[in-house]
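Here's the letter readout for the chains.
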Amino acid sequence: MSAPGPVGEVAVAWRHDLGAAIVIDGGDGRFVDAAGAGATIGELERTCAPRWVWWSQDTARTFVSAGVRPARCWDVCAVHRLIEGGTRGGPGRAWAHAVGLDPDSAPRVEPLDLFSVADTDDRAGPLRADGHLRAEWAQGAWAATSDAMLEWARLAGAAAARQRDLLARGATGDPETGPVRWAAAGGDAAHRLLTARSESATVALCAELEHDGLPFDRGAAEGIVSGFVGDRPTGPDDERARLAELDRRVLDHLPAGADDDLRSPERVRSLLRRVGVEVPDTRAWRLEQVRDAHPVVGALIEWRRAERFRTTFGYPWIDDHVGVDGRLRGRWAPADGAAGRMTATAGLHNMPAELRPAIAAEAGHVLVRADLGQIEPRILAAVSGDAALAEATHALDMYAPVADRLRVGREVAKLAVLGAMYGATTGRGAEALRALERSYAVAMGHLRAADVAAQGGNDLRTHGGRRIPMSGALDGSAGDGAERSRAAARGRYGRNAVVQGAAAEFFKTWAALVRNRLAPGGARIVLCLHDELIVHTPRDDADVVAGLVVECLHEAGRRWCPPAPVEVRFVADVSVVDRWSEVG
DNA sequence: TGCGGCTATTG
DNA sequence: CACAATAGCCGCAG
């Protein structure tokens, strides 16, 4: 293959069944049929490692399932969700926003009714006369001639170029609200560009996490599940019998004939009332407080635990999400939710700790775990530019110097710092909050500014430029004096979002660096958990991988943090284990 | 069938 | 027991 000199950017549209359209540095472009696409794109990646520009995660999945793992990319939809905020954002909205059209007027496919005629014109190109993308293309139903696919790839390249302009200019082409610059928010243009790239890399990482899955010891998992709910049922009748047996262990503590539905909180409350236990709700921590009042309470707590393993993390969960290759798989989203954290389905982010022994390295391999320590207060120090708090990050346990400065115990200092970031107003931390205001005025001012702006319904931006929409957010139940409480809720939400969101951006920068450094070897990231990475690696490489993960953390810190008189330090706890449950 | 409320788990 | 998320079941409205 002849590469015409150095290659920078390659816009690509690629589907297994159709083939790939490739436009190198805005040139003429070419089309490769389905049979040859993988080899051609793989060769380009090996020889040039260009920045691939594509519309959305679908293309990342096509890359990964064809065995190509792009080092650098630009995902138009991911960058759009960064700039505009929220989670709505297919190619139609992304294109409209990038070229300055009203995103709300982007065409959508209307449900067919008796009088409408489906637009099935196979010759229709992706672009409409009014400048919007045709809805069918935006939704992935490409009507593919090679010319149309080349056009589709070129449009992705054009959208990316416009997005780079938007990021350079200061982020906002928002026609309704105008510039939403909030005084204390946001890094500079270079930082927004860094964020756009690492958000894009995270799209590729998500496609890989979906493809590779998490190494899973099915036997160990079934052993753990059986400890809670017994052996695997042999059939529907057996399952019903076991269910009744579990229920009976609770109901047997009651007068004969009791037949309450334990799955209904209201019935559980009335059940408890009958034995003289009055509770406002039946949450576990509240039941724990009245455990000694009657034997049925303990039985109920135990029943809840078993019920959790029966319904959510039981045999059906294993059957549905663990492949024949012994990998646990879910769907991954690079920046879901308000602040842009990664999310995953299939319980990958909320698996009960008891199941961690089932996350086990394969033969000849180990897991390298790396936990970021106290990531949110460190991020707060960086984005607020608070020199005193930055000084505290030099300690391995930054709550220790904070406690010294506030003249309180470590636990109180921790509660106060967390409370400031979550918007707590009561509890033990609240007392120390005033001392926090005096000692770390810059950081507290940053949080308060976010709180006030959010209370007023103003959109926020994270340090990386992610828009946090506040209009319409958290407009919960109406009622007497509810507006005050809703404003307070918005304030807490905004206070937290600027920290949690920036922390998510930092995490993804770190993960993207690790991903690229691991690529040449046999090690792969197999789980991301907000502040924790798990890498699956051949045993012989474990020490090298562990060192590399730490190097990448320092590199991420240097690249990510705004220039400041006092450097912010990041720390990680790294261990090499066979099972996730093990402490290094 | 869809949706809010309740409950549980995780960071 | 603040902030975020996924997920299951119940009870109710349409």
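Report follows, based on the coordinates. A quick note: this is a predicted structure, and the numbers were derived from the prediction, not measured.

What counts and what doesn't
Residues numbered from 1 in each chain as written. Chains lettered and ligands numbered in written order. Predicted model: local features only at pLDDT ≥ 70, side-chain atom pairs only at ≥ 80, totals over all residues. Heavy atoms only, no water. Phe/Tyr/Trp six-rings, centres within 6.5 Å; stacked < 30°, edge-to-face > 60°. Helix = DSSP H or I, 4+ residues; strand = E, 2+ residues; numbered from the N terminus. Buried < 20%, exposed > 50% of the residue type's maximum accessible area, 1.4 Å probe, protein only. Pairing = 2+ DSSP bridges. Axes fitted to C-alpha atoms, helices over the stretch in contact; angles between N-to-C directions. Contact = heavy atoms within 4.5 Å. Near = heavy atom within 4 Å. Polar contact = N/O pair within 3.5 Å; in protein donor to acceptor, adjacent residues only side chain to side chain. Nonpolar A, V, L, I, M, F, W, Y, C, P; charged D, E, K, R; others polar. Expected span 1.5 Å × (residues − 1). Arc of directions from axis to C-beta. Core = buried A, V, L, I, M, F, W, Y, C linked by side-chain atoms within 4.5 Å. Salt bridge = Lys/Arg side-chain N within 4 Å of Asp/Glu carboxyl O.

### Considerations on the packing of aromatic side chains
This model, assessed by the stated rule, comprises 14 aromatic pairs. Their ring planes at 65° and their centres at 6.4 Å tell us that Trp55 and Trp95 sit as a pair that is edge-to-face. In this pair, Trp55 is assigned in the loop between strand S4 (51-54) and helix H2 (57-65) and Trp95 in helix H4 (residues 91-99), connecting sequence segments 40 residues apart. Residue Trp55 is classed as buried on the basis of its relative accessible area of 3%. For Trp95, a relative accessible area of 7% translates into the label buried. On the numbers, 6.3 Å between centres and 10° between planes, the contact of Trp137 with Trp142 is stacked.

### Section: the sheet that holds strand S14 (residues 532-538)
If you walk across this open sheet you meet the 4 strands as S13-S14-S10-S15, and the pairing is antiparallel. The open sheet is flanked by strand S13 (524-528) and strand S15 (572-577), the only strands paired with a single partner. Along the sheet, successive strands turn relative to each other by an average axial angle of 20°, direction set aside. Bridge analysis of S13 against S14 gives 4 bridges, and the strand direction is antiparallel. Within S14, the position partnered with Ile525 by the bridge is Val535. The strands touched by helix H21 (residues 542-560) within the sheet are strand S10 (365-372), S14 and S15, with S10 carrying the most contacts at an inclination of about 20°.

### Brief notes about the protein's contact with DNA strand C
The environment of DNA strand C is made up of 21 residues, and the closest members are Ala346, Asn350, Ala424, Arg492 and Tyr493. Counting only the atoms of DNA strand C that lie within 4 Å of the protein, the sugar and phosphate share comes to 79%. Contact between DNA strand C and Ser264: a phosphate oxygen at 3.0 Å from a side-chain N or O atom of the residue. With respect to DNA strand C, the side chain of Asn350 contributes an N or O atom lying 2.7 Å from a base oxygen. Elements that contribute at least two residues to the surface near DNA strand C include exactly strand S9 (341-344), helix H17 (410-422) and helix H20 (482-518). Grouping the amino acids of the surface near DNA strand C by side-chain chemistry returns 6 nonpolar, 10 polar and 5 charged.

### Brief notes about the sheet that holds strand S5 (residues 72-75)
Overall, mixed pairing links the 5 strands, which are arranged S3-S2-S1-S4-S5 in an open sheet. What marks the edges here is a single partner per strand, and that holds for strand S3 (30-32) and S5. Sheet twist, expressed as the mean angle between neighbouring strand axes with direction ignored, is 25°. Relative to S4, strand S1 (residues 9-15) is paired through 3 bridges, and the arrangement is parallel. Opposite Glu9, over in S4, you have Arg51 as the bridge partner.

### Section: the protein's contact with DNA strand B
Residues in contact with DNA strand B amount to 19 residues; listed here are only the nearest, Thr282, Arg304, Arg305, Arg356 and Asp531. Asp531 is positioned with one of its side-chain polar atoms (N or O) 2.6 Å from a sugar or linking oxygen of DNA strand B. Its residues assigned to classes, the surface near DNA strand B shows 6 nonpolar, 5 polar and 8 charged.

### Section: helix H8 (residues 218-229)
Here H8 is 12 residues long and its end C-alpha atoms lie 16 Å apart, about the 16 Å a rise of 1.5 Å per residue gives. Every buried residue of H8 is listed here: Ala221, Ile224, Val225 and Val229. For H8, the arc enclosing every buried residue in end-on projection is 115°, short of the 170-degree limit, so these residues lie on one face. Exposed side chains of H8 directed beyond 90 degrees from the buried face belong to Gly219 and Gly227. Contacts from the buried residues of H8 go to helix H9 (236-251), helix H12 (295-311) and helix H13 (315-321). Backbone nitrogen of Gly219 and a side-chain oxygen of the N-cap are separated by 3.2 Å at the start of H8; the cap is Asp217. Just downstream of H8, Gly230 is the residue with a positive phi angle, here 85°.

### Considerations on the nonpolar core
In terms of nonpolar packing, the biggest core is built from 99 residues, with Leu436 and Trp510 touching the most fellow members. Here the element with the most residues in this core is H20; it accounts for 12 residues. Among all residues touching Trp510, those that are not within four sequence positions of it are Ala370, Leu372, Leu533, Val549, Cys552, Leu553 and Ala556.

### So, the side chain of His294
Secondary-structure assignment places His294 in the loop between helix H11 (284-289) and H12. Judged by relative accessible area, His294 falls into the buried class, the value being 17%. In this structure His294 touches His253, Val275 and Val277, once residues within four positions along its chain are discounted.

### So, the pattern of salt bridges
A complete count under the given rule lists 49 salt bridges for this structure. The closest approach of N and O atoms between Glu199 and Lys508, which form a salt bridge, is 3.0 Å. Remark: Lys508 occurs in helix H20 and Glu199 occurs in helix H7 (residues 189-212); sequence separation between them is 309 residues. Neither residue differs from the other here; Glu199 and Lys508 are each classed as buried. Three or more residues are tied together by salt bridges with common partners; here these are Asp247, Asp261, Arg263, Glu307 and Arg310.

### Some remarks on the environment of Pro565
Here Pro565 is to be found in the loop between H21 and S15. Look at Pro565 and you get exposed, because its relative accessible area is 85%. A sequence separation of 413 residues divides Pro565 from Trp152, and the C-alpha atoms of the two residues are 47 Å apart.

None of the figures reported here should be taken as evidence of function without further support.
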